[in-house]
There are 2 protein chains.
Amino acid sequence: MESLDILIQKGTIITMDAESRVLEGCALGIRGDSIHCIGGGVEKYPAKKVIDADGCVVMPGLINGHTHAAMSLFRGLADDLPLMEWLNNYIFPVERRMDRDFVYTGALLACVEMILSGTTTFCDMYLFEEEVARAARDAGMRCLVGEVLYDFDSPNYGPIQNGFSYTESLIETWRDDPLVSIAVEPHSLFTCSPELLSEANEIALRHEVPLILHLAETKSELEEVEKRYGRTPVEHLQTLEMLGPHLIAAHCVHLTDNELGVLADSGVKAVHNPESNMKLASGIAPVPKMISATLTVGLGTDGCASNNNLDMFGEMDMAAKLHKLSTLDPTVMDAQTVVGMATLGGAKALGMGGLIGSIEEGKKADIVIIDLNKPHLTPMYNPYSHLVYATRGSDVLHSIINGRLIMEGRKLLHLDLAEVMAKAQEKAREVKRWVSSV
Amino acid sequence: MESLDILIQKGTIITMDAESRVLEGCALGIRGDSIHCIGGGVEKYPAKKVIDADGCVVMPGLINGHTHAAMSLFRGLADDLPLMEWLNNYIFPVERRMDRDFVYTGALLACVEMILSGTTTFCDMYLFEEEVARAARDAGMRCLVGEVLYDFDSPNYGPIQNGFSYTESLIETWRDDPLVSIAVEPHSLFTCSPELLSEANEIALRHEVPLILHLAETKSELEEVEKRYGRTPVEHLQTLEMLGPHLIAAHCVHLTDNELGVLADSGVKAVHNPESNMKLASGIAPVPKMISATLTVGLGTDGCASNNNLDMFGEMDMAAKLHKLSTLDPTVMDAQTVVGMATLGGAKALGMGGLIGSIEEGKKADIVIIDLNKPHLTPMYNPYSHLVYATRGSDVLHSIINGRLIMEGRKLLHLDLAEVMAKAQEKAREVKRWVSSV
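Here's a quick rundown of the structure. (Residues numbered from 1 in each chain as written. Chains lettered and ligands numbered in written order. Predicted model: local features only at pLDDT ≥ 70, side-chain atom pairs only at ≥ 80, totals over all residues. Heavy atoms only, no water.)

## Section: the packing of aromatic side chains
Residues and elements named next belong to chain A. Our working definition: Each Phe, Tyr or Trp ring, with Trp reduced to its six-membered ring, pairs with another whose centre is within 6.5 Å; inter-plane angles below 30 degrees give stacked pairs, above 60 give edge-to-face pairs, and intermediate values give tilted ones. Under the scheme used here, helices are H or I runs from DSSP no shorter than 4 residues and strands are E runs no shorter than 2 residues, and both carry numbers assigned from the N terminus. Burial classes: relative accessible area under 20% of the type maximum marks a residue as buried, over 50% as exposed, and values in between as partly exposed (1.4 Å probe, protein chains only).
A full pass over the atoms with the stated rule returns six aromatic pairs over all chains. Taking the centre distance of 5.6 Å and the plane angle of 35° together, the rings of Phe102 and Trp434 count as tilted. In this pair, Phe102 is assigned in helix α2 (residues 100-116) and Trp434 in helix α15 (residues 417-436), connecting sequence segments 332 residues apart. Of the two residues, Phe102 and Trp434, both sit in the buried class. Considering the side-chain rings of Tyr150 and Phe152, the 4.6 Å spacing of their centres and the 35° angle between planes classify their relative orientation as tilted. Among the residues examined, Phe152 registers a relative accessible area of 44% and is labelled partly exposed. Pairwise contacts between aromatic rings join Phe74, Phe102 and Trp434 into one cluster.

Pasting the structure below:
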């Protein structure tokens, strides 16, 4: 009989497969980095490691479709402020002084928070992105990351030509990595010239990697793009011939019905960030319409400076409730749909739909196990409902990424939590000095 | 030197007092049921019990201003449904068969969840409310509770006249209880005749207890009240001479600016329930305007059938973000204001502002201690920001209610958690049978 590396037994498996199967008291076997077998008889296989999931939900690891991991070091630094005051007095002065070590420290702290709250894959945009890739690898997380590109000089690479070569070197370095993938990431249409955008697009197409940008996040972005180019953001992308299945657009708050159709027809993927859009008073992305238009939509937390947490369970709750309110229809964005956005929908949005996002034989073993034996998850009538409306990140018990047990009984197996936090506190003391000297 | 019952030392005390003092590394002493002393030298007092709050926030216990505790047994039973389908196929068939033991079991489960997430006081409306009072007393929680009154026969008391006498008997029974207070609670303007409302009002005034009802929660309520009486809900209450400082109005979603002024001038208190209002697609209460109009506003979770949790930290996060969105102003409902709604604002809304809601000498010792030594609360620049945007109920470490240590290191000291949950599971099996027989 074949031997398994990990056997998970007795759990309620939320597969998120094409039939949305929920398998009660079912076993699942992992060999190497992949899901080897599910269902009857699996519990009889010999296994190096057995995880008892009795009373637990076993589900695909959550996929944080858009974040800026290292901004965990700015969590709570400045809230409830007008955008320009926040940027000019806090974020910009600090970002100007950042270095590689700062980003590595913040990204590792974010990885720890994400693992502890059930996220197994994240998509990141920031400065010094090589450090984010390193942090993810050291944390054992799957990620799609890219260096932010814009018209001004970067604290990392200086002028934009270096940004392109930095990005291409990232693509080269991490090409065969089992966990880290690289994207080309121009910041937005109001911080990137048409030339920059076109060049970024060409690099992405040439290397067959995703192109990621912020799209139609705020009204002021719409006004700025209209003023400069006489177009909406989507029209601008269309003119630049950038719409296609390689494009992942974060936020997508201010879109017309027609633009939704254009994005869907082009195969563009969207990532919804409800908490950030609320906290920054940006608006409400038309997600129910996106779904009706068969646009692929993932879910993301955005960075800790505008959320202020990376807990995808909270994000699911917010997404489900926000759109019932915006449509005044309580049947919109039901719990199963929302779990889909945070799992297989997120995987498809990142171009990883064949790899992760559901529990199916042959897929990579990115799995989290959630302890339902808690007062706030008692009684249990419907697991999807609990996952969206009642579960917190702190209910996640075990996490497996790429077949490797990363967290067991809420204990991180390969990281020194105290050290990660102490280093973050040290960086925060620098941040306080930088801000007070503005 | 005076002896203390409990000494809390080294914490960051968020007082919520008139000066909004935040006291770093400060000690606090409790004697009997009250806060005896705060600040310099307190740590030298002899004490029966010493709690080390180093790296923790010490704050007033959270006040859940509106809930239906026993509905914890319906958590996730039916979500994302049109209102009438939810009521007719799930809630009503179950509520018709409920009994005292069912409500006690559900209320105790709710108390456990609330204690574990930092709530020390709750305000409840439901059937068999004597059982909710008993559950709160057994759990050691402070509460303001009342039997729901409406025009139809009740599964508890039968016809409404018995409802009035049941309520008066509750008032009598619990008059001198240190933890349990009673209110008169007609359900709403569309389920209670003018005669019922007036009688309820008279009882409340006669006994000097609060009068609590749901007000202007949904558009359909407005239409129904308009159809029957040719008035808005607030006009209807005004006509019935029910507006006054004794009235606590839950929800208050659909109010005109003029009505806000009328409520404020009358001294009426409001309780905001953002998550429930979103999940049921009811709308957005004009809370920033309420606050500008100097209306006292507390915060509540509503019941678990429409939330689906009792975590006031999640509710604070939602309240802060929802109103930034509704006003498109990121400076609205700053974190400190929101913490105020969940503490002193909630206390004032329940008529307990002199008793609880802030950490001040002489007030009752209702205090929770929150562990900040977590990755998702690292680094720490501003405690209010963390409490609203990043803390989860599961970060609450210790809870003291009326001077009594109720939870220590997340362990409930006076309840058998496994037994409470097992009994709830048992009741859930009955619920499943009831629902499947509809």
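## Details of the interface of chain B and chain A
Put simply, an interface is often sized by how much accessible area is lost when its parts join up. Stated formally: A contact between two residues is defined here by any heavy atoms of the two lying within 4.5 Å. As a working definition, buried area equals the accessible area (1.4 Å probe) given up by two parts on being put together, with both sides summed. Here, a salt bridge means any Lys or Arg side-chain nitrogen found within 4 Å of an Asp or Glu carboxyl oxygen.
Each side of the interface is counted separately: chain B has 65 residues, and chain A has 65 residues. Between chain B and chain A, the buried area comes to about 4900 Å², and carbon and sulfur atoms account for 64% of it. For the chain B face of the interface with chain A, the top three residues by lost area are Asp80, Pro375 and Tyr381 of chain B, together amounting to 16%. In this assembly, chain B and chain A are joined by six salt bridges.

## A look at the sheet that holds strand β14 (residues 296-299) of chain B
One key point about sheets: their strands pair by backbone hydrogen bonds, in either a parallel or an antiparallel sense. Residue and element names in this part refer to chain B. We count it as follows: Two strands are said to pair when DSSP picks up at least two bridges between them. Here an angle of 0 to 180 degrees is reported between the N-to-C directions of two axes, which are lines fitted to C-alpha atoms, with helices fitted over the stretch in contact.
Taken together, the four strands give an open sheet; going across it, the order is β11-β12-β13-β14, and neighbouring strands pair in parallel fashion. The two strands at the open ends of the sheet, each matched to only one other strand, are β11 (211-215) and β14. Within this sheet the neighbouring strands show an average axis-to-axis angle of 25°, counted without direction. Sheet analysis places strand β13 (residues 269-272) next to β14, joined by four bridges and oriented parallel.

## Section: unusual backbone geometry
With an omega dihedral of -15°, the bond running from Thr378 of chain A to Pro379 of chain A counts as a cis peptide bond. Within the secondary structure layout, Pro379 of chain A lies in the loop between β15 (367-371) and α14 (383-389). The linkage connecting Asn307 of chain B with the following residue, Asn308 of chain B, adopts the cis geometry, with an omega of 5°. With respect to the helices and strands, Asn308 of chain B occurs in the loop between β14 and α11 (312-327). The phi torsion at Cys252 of chain A lies on the positive side, around 50°, for a residue other than glycine. Looking at the secondary structure, you find Cys252 of chain A in the loop between β12 (247-251) and α8 (257-266). Relative accessible area serves as the criterion here: at 0%, Cys252 of chain A is assigned to the buried category. Phi is positive for Met333 of chain A, close to 50°, though the residue is something other than glycine. Position of Met333 of chain A among the secondary structure elements: in the loop between α11 (312-327) and α12 (335-342). On the basis of relative accessibility, which here comes to 5%, the residue Met333 of chain A falls in the buried class.

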